[in-house]
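# Inside the fold
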Amino acid sequence: MFGCSRCLYWNNLRELPPLKTPETFSLPSSIPHWPSGQGFGSRRINLGDIEVAEITSFEFVWRYCSRRDSKKSVSFYKPDKLPEARQVKSLEFREPALVQPLDYTLVWSSNDLSEERQSESCGYFWLPQPPQGYKPIGFLVTTSPVRPELDQVRCVRADLTDQCEAHKVIITGISDSLQVPLFIWKTRPLDRGMWGKGVSTGTFFCTTQSPEEDHLRTIACLKNLDSSLHAMPNIEQIHALIQHYGPRVYFHPNEIYLPSSVSWFFKNGAVLCSSDIINEPIDETGSNLPHGGTNDKQFWLDLPINDQQRREKLKRGDLESSKLYVHVKPAFGGTFTDLAFWIFCPFNGPATLKLGLMNLSLAKTGQHVCDWEHFTLRISNFSGELYSIYLSQHSGGEWIEPQDLEFVEGSNRAVVYSSKHGHASFARSGMYLQGSDLLGIGIRNDTARSDLFVDSSLRYEIVAAEYLGGVVVEPPWLGYMREWGPKIVYDSRTEIEKLNERLPWRLRSLIDAVLRKLPVELSGEEGPTGPKEKNNWFGDERW
């Protein structure tokens, strides 16, 4: 039995301001009692031969605060008030799932920091040494040079573990003197995505050198060998989660190109095109679209070619018909649930280029027929608590923790801001520059609260949940794997380059450098592929 929490197993590590007492965050509203089911929200998850439990109470161990850089401060904790272990029956192996380490190796200590620090407690980082056939899951931090007792942690049988990787630096180089510095990274399973078995253990990886692949193999994460995914929510629980957490999506008050439902888009004149097919009307459900396969570039959707009035109507969308299309999938071996909310806009508007104090509205650059954007809620299957939200932003995105979100008053429903014309998702209102903030050059992403919004807790449709078998029937249009718009290539970003030619030579070179870093989608007008063709449909979000 392992203890876990939203932050870390073993010793919990958090970035904290120097010398401040750590604060806990609570969602604005209490979590409801979820509809009954199998293992969702039970605070314990069976991974096969190991059962993991959620830990929310921690005991402080040691804090490092740099005297040279006040931003370098980390605190280490260990789980407190562990729940009683329950026996998990093993049918295949005689060897126990968990054993004590044979010894510890001292990786690093702070006891030779500068003299002015000698009055402070020292930190010692220990790596458990496992018996053959077992793996350590993390490091142990103490304030004593004496080796820890062997019963402080457990090593896990190797077949119950999976490979992990370092993916985000927590702190670079704990050192105030000529001492060898310590580097610390967060870890995550290497095997991620919908069918990945790796389970995030919340531990950190530390070393006195770069985290090469061989070094990372010294610790592991867990693996879920229970194929039933019993901790995933059933259909009633999914509806309850969406209704409790579904964000409100605000559009800019000057947004022209609003979302609509897919069926509204089809009913009001969208057509299927190919080299042989011109302007074939599309059934409301998309049942006459080519289904399955891959994007072979042979078909695309378009606005009606010879009806300008209907084209303009479709471009502007229909907010009243719009809804969020939800894909429900396992994350981290079924210990989390990802609710991916997809929003459809019939048209993506042209971009605005910022050049210092100047803002230049572009006529075509950035526009394309149809736009699919999404954000993802990651829910803990231990408690049903919102863990984080991924906001997609064009070709990338970012995970936002609950404490950094705005919420609809009196609820746990986050606020998501959709950028003007581009529909990228952000956690706060304001202007986000896609380019160089330092130079003030790039494509603007403007967000603001307005009367134009969609409440996804009310207006949604669950379109896929593969782990539930046939419980959710996918709509026919979801299986359309080709492009949702025609492709028109601009001549090497002609529009922006013409603007650039009017500027002073020195400024021109700076703009050229920024433009080279902008997404390829700004080079032409190309309809995107649908949700199922995106890498994150089966894989993890890009972060």
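For every chain, the first residue of its written sequence is number 1, and the numbers climb from 1 along that sequence. Predicted model: local features are reported for residues with pLDDT of at least 70 only, side-chain atom pairs are reported and counted for 80 or more only, and whole-chain, interface and lining totals are derived from all residues. As a rule here, side-chain values cover all heavy atoms of the structure and leave hydrogens and water aside.

## With respect to the overall build of the chain
Rule in force here: Only runs of H or I of at least four residues qualify as helices and only runs of E of at least two qualify as strands under DSSP, and these elements are numbered from the N terminus. The classification of residues rests on relative accessible area computed with a 1.4 Å probe and restricted to protein chains. Under 20% of the type maximum is buried, over 50% is exposed, and intermediate values are partly exposed. Every residue pair with non-hydrogen atoms within 4.5 Å of one another is taken to be in contact. Areas reported here follow the Shrake-Rupley algorithm with a probe of radius 1.4 Å; residue values treat only the protein chains shown as occluding.
Within the chain one finds 7 helices and 37 strands. The burial tally for the chain puts 55% of its 543 residues in the buried class. A separation threshold of at least 6 residues defines the contact pool for the chain, and within that pool the share at least 24 residues apart is 71%. Taken as a whole, the chain presents about 24900 Å² of accessible surface, with 49% of it coming from carbon and sulfur.

## Quick look at the confidence of the model for the chain
Close inspection of predicted coordinates is inappropriate in any region flagged by low pLDDT. The following threshold applies: Confidence of the predictor in every single residue is expressed as pLDDT, which spans 0 to 100.
Summing up the model confidence of the chain, the mean pLDDT is 85 and the portion of residues at 70 or higher is 82%. Overall, residues 1–21 carries pLDDT values under 50, and its contacts beyond four positions in sequence, including any with other chains, amount to 93 contacts. The low-confidence segment residues 114–119 (pLDDT under 50) makes 10 contacts with residues lying over four places distant or belonging to another chain.

## Regarding the state of the cysteines
Inclusion rule: Note on terminology: disulfide denotes any pair of cysteine sulfur atoms within 2.5 Å.
Applying the stated criterion across every chain yields a total of 0 disulfides. Of all cysteine sulfurs, the one in Cys164 lies closest to Cys221, which takes part in no disulfide; the gap is 5.6 Å. With a relative accessible area of 2%, Cys221 lands in the buried category.

## Here we look at helix H2 (residues 235–245)
Worth spelling out the cut-off: For this analysis, a polar contact is any N or O atom pair within 3.5 Å, provided that within protein one partner can donate a hydrogen and the other can accept it, and provided that sequence-adjacent residues contribute only side-chain to side-chain pairs.
Here H2 lies mainly inside the structure; 8 of its 11 residues are buried. Among the residues of H2, those classed as buried are Ile235, Gln237, Ile238, Ala240, Leu241, Ile242, His244 and Tyr245. Buried-residue contacts for H2 involve strand S23 (324–331), strand S24 (336–348), strand S27 (368–380), strand S28 (386–393) and strand S35 (460–464). One side-chain oxygen at the N-terminal end of H2 lies 3.2 Å from the backbone nitrogen of Glu236; it belongs to Asn234.

## Topic: the sheet that holds strand S26 (residues 358–361)
Formally: Following DSSP output, two strands are said to pair if at least two bridges run between them. As a rule, the C-alpha atoms of each element are fitted with a line to give its axis, helices using only the stretch in contact, and angles between N-to-C directions run from 0 to 180 degrees.
Reading across the sheet, the 4 strands line up as S26-S25-S33-S32 and stay open at both edges, with antiparallel pairing between neighbours. Looking at which strands have only one partner, the edges of the open sheet turn out to be S26 and strand S32 (430–436). Between one strand axis and the next, the sheet turns by 35 degrees as a mean value, whatever way the strands run. In terms of strand pairing, S32 meets strand S33 (residues 441–447) through 7 bridges, oriented antiparallel. Its bridge partner lying in S33, Met431 is registered against Asp446.

## Overview of the sheet that holds strand S19 (residues 248–251)
If you walk across this open sheet you meet the 4 strands as S31-S30-S19-S34, and the pairing is mixed. In the strand order of this sheet, the two ends are held by strand S31 (425–426) and strand S34 (453–455), each with one partner. Two strands pair when backbone bridges link them, and S19 and strand S30 (residues 415–418) are joined in this way by 4 bridges, in the parallel orientation. For Phe251, the partnering residue across the bridge sits in S30 and is Ser418.

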